[in-house]
Amino acid sequence: MNLIEHALVALVIQAIVGLATRNWWAGAALACGYFIGREVSQAEYRWIEQFGQGLRANMPWWGVFDARVWDNADRWADWIGPILVTVPVAFVMGRRGNAA
């Protein structure tokens, strides 16, 4: 998936949760949590492959935070993009709900 696809999927997840529960922040949290978790998991696998001799047991607790596995902008954009699109929607819809 590319950045736009991640953002669109995040908005769909947020809309489903927001419309069902009227809690747009929960929808944003679920959507962003999914993409953050996905990217963290991929970073773990990259660290294990590159520096851990293919063994999960060799990965230290801080392995996912190692900048060497976050080596290009796409890896950052894949989790930042959903945050950038869902937070404003949650803010606007949350304010809209309080005005009624």
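Residues numbered from 1 in each chain as written. Predicted model: local features only at pLDDT ≥ 70, side-chain atom pairs only at ≥ 80, totals over all residues. Heavy atoms only, no water.

1. A look at a nonpolar patch on the surface
Here's step 1: Where nonpolar side chains cluster on the molecular surface, the patch consists of W25, V87, F91 and V92 and spans about 380 Å² of accessible area.
Here's step 2: Ranked by residue count, the leading element in the nonpolar patch is helix α3 (residues 73-99), at three residues.
Here's step 3: The exposure class assigned to V87 is partly exposed, which follows from its relative accessible area of 34%. (Patch = residues over 30% accessible without salt bridge, like charges linked within 9 Å, V, L, I, M, F, W, Y side chains within 5 Å. Areas by Shrake-Rupley, 256 points an atom, 1.4 Å probe, with all protein chains shown as cover. Salt bridge = Lys/Arg side-chain N within 4 Å of Asp/Glu carboxyl O. Helix = DSSP H or I, 4+ residues; strand = E, 2+ residues; numbered from the N terminus. Buried < 20%, exposed > 50% of the residue type's maximum accessible area, 1.4 Å probe, protein only.)

2. Side note on the nonpolar core
Nonpolar side chains tend to gather and get buried jointly when the protein is soluble and globular.
Here's step 1: Judged by nonpolar contacts, A43, W47, I48, M59, V64, V69 and W70 together constitute the single largest core of seven residues.
Here's step 2: Ignoring anything within four residues of it in the chain, the contact list for I48 reads Q53, G54, L55, R56 and M59. (Core = buried A, V, L, I, M, F, W, Y, C linked by side-chain atoms within 4.5 Å. Contact = heavy atoms within 4.5 Å.)

3. Quick look at the pattern of salt bridges
Here's step 1: Enumeration over the complete set of coordinates arrives at four salt bridges.
Here's step 2: A salt bridge links E39 to R38; the shortest N-O distance between them is 3.0 Å.
Here's step 3: When its relative accessible area of 1% is taken as the criterion, E39 is described as buried.
Here's step 4: On the accessibility criterion, R38 (27% relative accessible area) is partly exposed.
Here's step 5: For R68, the salt bridge is made with D66, and the minimal N-O distance between the two is 2.6 Å.
Here's step 6: A relative accessible area of 44% places R68 in the partly exposed class.
Here's step 7: By relative accessible area, which is 10% here, D66 ends up buried.

4. Here we look at the confidence of the model for the protein chain
Here's step 1: Chain-level pLDDT for the protein chain is 92 on average; 93% of the residues reach the 70-or-more range.
Here's step 2: Here α3 stands out as the element of the protein chain with the lowest mean pLDDT, 89, in contrast to helix α2 (residues 24-51), whose mean of 96 is the highest. (pLDDT = per-residue confidence, 0-100.)

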